[in-house]
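Single-letter residue listing:
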Amino acid sequence: MAISISGFNGLDTDTLVRQLMYLEEAPLRRLEQSKQDIQTRIKAWQDLNSALDTFKNRAQDLSDIFDKMAPTVDNDEVLTVSATNLALAGQYEITVEQLFQAHTVAFSARIDAEEISGQFKIAINGFEVEIDVKDANIYEIAEMINKAVAEDGDKEIQLAKASVVDNKLVIQAAEDVIDIAKDNTLSFVNIEGDVLSALKLDEPGVLHNHQNARFTVNGLTVERGKNEGIDDVIKGVTLNLKGKTGEKATVKIGTDTALMKDKIKAFVDQYNKLVDAINKYGKAGQAQIDSGSGPAVLSGDATLRSIESMLYNSVMTPSRSISSTGWLSNNPLSWEGEEKTLVVDGVSITLNGTETLKDIADKINNTVGVNAKSRVQDNRLVFESKGSQPVDLSGSDNVVLRDLQLPATFKNNVVSLLGIEIDRYGKLSIDDEKLDEALASNLSDVKQLFTGVGGIIDRVESNVDLAIKSYSSSGGGYISSRIKTLQAEIRYIDEDIENMERRLEMRESRLRAQFSQMDSILSQLNNQSTWLMAQFSNLYNN
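Everything numeric here is computed off the predicted structure, so don't read it as measured data.

(A) The pairing of strand β13 (residues 213-217), seen in detail. Burial analysis of β13 places four of its five residues in the buried class, which makes it a mostly covered element. Sheet analysis places strand β3 (residues 90-98) next to β13, joined by four bridges and oriented antiparallel. In the sheet register, Ile94 faces β13, and the bridge partner there is Val217. Two successive antiparallel strands, β13 and strand β14 (residues 220-224), enclose a turn made up of two residues, where Asn218 displays a positive phi of approximately 50 degrees.

(B) Spatial organisation of the sheet that holds strand β17 (residues 321-323). Spatial ordering of the open sheet is given by β17-β21-β20, a layout of three strands whose pairing is antiparallel. Looking at the sheet topology across the chains shown, the edges are occupied by β17 and β20 (372-377). Across the sheet, the axes of successive neighbouring strands diverge by a mean angle of 20 degrees, strand direction being ignored. Sheet topology places β17 next to strand β21 (residues 380-385); three bridges connect them, and they run antiparallel.

(C) Focus on the pattern of salt bridges. Taken as a whole and assessed by the stated rule, the structure comprises 27 salt bridges. Of the charged contacts in the structure, one is a salt bridge between Glu223 and Arg214, with a shortest N-O distance of 3.9 Å. One network of salt bridges, with partners in common, ties together Lys261, Lys265, Asp432 and Asp436.

(D) Structural context of empty space enclosed by the protein. Counted under the stated rule, the structure contains two cavities of 30 Å³ or more. One number sums up the size of the second largest cavity: a volume of about 30 Å³. In terms of lining residues, the second largest cavity is bounded by Ile122, Val129, Ile131, Ile145, Ala148, Leu159 and Ala160. For the lining of the second largest cavity, the residue count by class is seven nonpolar, no polar and no charged.

(E) Fine view of the packing of helix α2 (residues 26-60) against helix α13 (residues 478-541). Running from N to C, α2 and α13 point in directions that differ by 160 degrees, and their axes come no closer than 9 Å. On the basis of the axis angle, α2 is roughly antiparallel to α13. In this structure, the crossing between α2 and α13 has a hand that is left-handed.

(F) Spatial organisation of the side chain of Asn227. Note on placement: Asn227 falls in the loop between β14 and β15 (237-241). A polar contact of 2.7 Å, which involves the side chain of Asn227, links it to the backbone nitrogen of Phe100. When near neighbours in sequence (up to four residues on either side) are disregarded, Asn227 contacts Leu99, Phe100, Ala213, Leu239, Asn240 and Leu241.

(G) Looking closely at the nonpolar core. Counting residues in each nonpolar core, the largest one holds 84 residues, and the members touching the most others are Phe267 and Phe450. Considering every element that reaches this core, the biggest residue donor is α2, with 11 residues. In contact with Phe450, other than residues within four places in its own chain, are Leu62, Phe66, Ile264, Phe267, Leu418, Gly455, Ile456 and Ile457. Of all hydrophobic cores here, the second largest spans 52 residues; its members include Val105, Ile141, Ala142 and Val217.

(H) Representation of the pairing of strand β19 (residues 347-351). Of the two faces of β19, the one holding Val347, Ile349 and Leu351 is buried and the one holding Ser348 and Thr350 is not buried anywhere. Connecting the antiparallel pair strand β18 (residues 340-344) and β19 is a turn made up of two residues, with Asp345 showing a positive phi of about 50 degrees.

(I) How the structure looks around unusual backbone geometry. Backbone geometry at Asp378 places phi at a positive 50 degrees, although glycine is not the residue there. Tracing the backbone through its elements, the reader meets Asp378 in the loop between β20 and β21. The phi dihedral of Gln405 is positive, around 50 degrees, even though this residue is not glycine. Its location among the elements puts Gln405 in the loop between α9 (398-403) and β22 (420-422). On the basis of relative accessible area, Gln405 is assigned to the partly exposed category, the value being 28%.

(J) A negative patch on the surface, seen in detail. Taken together, the side chains of Glu32, Glu495, Asp496, Glu498, Glu501 and Glu505 present a region of like negative charge at the surface. In terms of residue count, α13 provides more of the negative patch than any other element does, five residues in total. You can see Glu495 is positioned in helix α13. Judged by relative accessible area, which is 46%, Glu495 ranks as partly exposed.

(K) Fine view of helix α7 (residues 302-316). The terminal C-alpha atoms of α7 lie 21 Å apart, and with 15 residues this matches the ideal 21 Å at 1.5 Å per residue to within 8%. Taken together, the buried positions of α7 are Thr303, Leu304, Ile307, Met310, Leu311, Ser314, Val315 and Met316. Those residues of α7 hidden inside the fold are in contact with α2, α5 (257-282), β22, β23 (428-430), α12 (456-468) and α13. Structurally, the start of α7 carries an N-cap: the backbone nitrogen of Thr303 is 2.8 Å from a side-chain oxygen of Asp301.

(L) Representation of the sheet that holds strand β12 (residues 205-208) in the model. Across the sheet, four strands lie side by side as β9-β10-β4-β12; this open sheet has antiparallel pairing. Each edge of the sheet is formed by a strand with only one pairing partner; in this case those strands are β9 (160-165) and β12. In this sheet, adjacent strand axes meet at a mean angle of 25 degrees when their direction is disregarded. As paired strands, strand β4 (residues 104-106) and strand β10 (residues 168-173) are joined by three bridges and run antiparallel to one another. Bridged to Val105 within β10 is Ile171. This element, helix α3 (residues 138-147), spans β9 and β10 of the sheet and lies at about 160 degrees to β9.

So, how was this worked out
- Residues numbered from 1 in each chain as written.
- Predicted model: local features only at pLDDT ≥ 70, side-chain atom pairs only at ≥ 80, totals over all residues.
- Heavy atoms only, no water.
- Buried < 20%, exposed > 50% of the residue type's maximum accessible area, 1.4 Å probe, protein only.
- Helix = DSSP H or I, 4+ residues; strand = E, 2+ residues; numbered from the N terminus.
- Pairing = 2+ DSSP bridges.
- Axes fitted to C-alpha atoms, helices over the stretch in contact; angles between N-to-C directions.
- Salt bridge = Lys/Arg side-chain N within 4 Å of Asp/Glu carboxyl O.
- 1 Å grid on protein atoms, 1.4 Å probe; cavity = no way out; pocket = protein on both sides within 12 Å on 5 of 7 lines; lining within 4 Å.
- Points joined across faces, edges and corners; volume = space filled by probe spheres on them.
- Nonpolar A, V, L, I, M, F, W, Y, C, P; charged D, E, K, R; others polar.
- Parallel < 35°, antiparallel > 145°, perpendicular 65-115°, else oblique.
- Left-handed = near helix turned anticlockwise from the far one by under 90°.
- Polar contact = N/O pair within 3.5 Å; in protein donor to acceptor, adjacent residues only side chain to side chain.
- Contact = heavy atoms within 4.5 Å.
- Core = buried A, V, L, I, M, F, W, Y, C linked by side-chain atoms within 4.5 Å.
- Patch = residues over 30% accessible without salt bridge, like charges linked within 9 Å, V, L, I, M, F, W, Y side chains within 5 Å.
- Areas by Shrake-Rupley, 256 points an atom, 1.4 Å probe, with all protein chains shown as cover.
- Lys, Arg positive; Asp, Glu negative; His and termini not counted.
- Charge placed at Lys NZ, Arg CZ, Asp CG, Glu CD.
- Expected span 1.5 Å × (residues − 1).

Quick look at the structure:
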């Protein structure tokens, strides 16, 4: 009878080793789970980093919208209009009496010649170009005319535009050369050979005589040598005359409040998306609590709480400063000699027009009783109130406020006064009626609140930069630093995993060697047992 040791001889040692190694690998699985948890946290921080960067971009989108002008036209069959920031608010009554037509000639007969040679000249308004033709057809000649230019000082101008219709050459005076003070009529002269006869240019038929565009603006008659892109009649406004003449169109130029509202809504929407992201990663939802799946991946993280506080303070904190709404020269005042007054919270400061920006700031700071400190920042004059409200500049001479680009007052210095409210969940909403009223009647305050020094845009930019400065370089923001710290933890865990895998590999090798040795010993014992049993059997039989 064979000797056996229960649990070893005859068993599947591979399965046994795998089961033992599974127990040995428990610390490795914990390390891998820790690595996965950290990677999840890094992904959360990267998502927040991206959301903050988008929020900053939406804030920057507000920086130049408060000066944009929007034109409206009540009859776009008469004309269309576009405007730049240089346009002034106003209303214009425009009637188009006639449209521009360039002098255009065509030729009475079809041109059948395939190879025309010679040289001719095209002249208009004192300019001329020579066209040198050699074995060319009508289409090649039209292309030569279109490419020909004359010199006008330091620039080149096109004199004529050519096309081919029904094998007839059609030539029109080009816009570059039109001068409403001249006759703007094309002429053609042979230089070498009789090219004009071959092209039927010797007696061209006139399709259109030159005619200036003529229209009235608020009763004033204006003529121009084109229909499109007329940008020198109303400052900052471009007129495009259309086909309908004899009818009046009313053009109104005003601030583009629709664009402003759209950009403010986009800013509020991104704020709310950022709040959603903070809640997603920092606060466990009811579903997580009910399922027992634990808190959100960044729950309790102090950095996340700092971001939440920063977000609120960037938008909801009242502004206490007033600043110039645009860049100023170092000598911003437009007069000299005559005394003008800047009034700061009822205290008068006399200016004679020769002061630099720094001089003005120093005068304000050295005047007894002024409840504000003044400074120059990025060539803008800034008043920082010592109280809870911005300084009051009412009573100042208009020319002073105009030259320094300052509002007389800044009363709507918090977003809630514009109709932007925050609810108990930390999300913003817009009262459309209140915002519309603010944009219509207090645009100066809205612009100051968003674009002023220390305003919402400044606060968002500086606070977001503190958070998201590149984590690929030293001195990054606190989100970037958090990501770098977590990435360093992963590197340490990877080293631990590598070392543990090496030890586990050695452990598995030892186990297999031990089982192999044990199996060999058991085999020897079984052989000895078989021999002994044979000997006992022989003794018994004898």
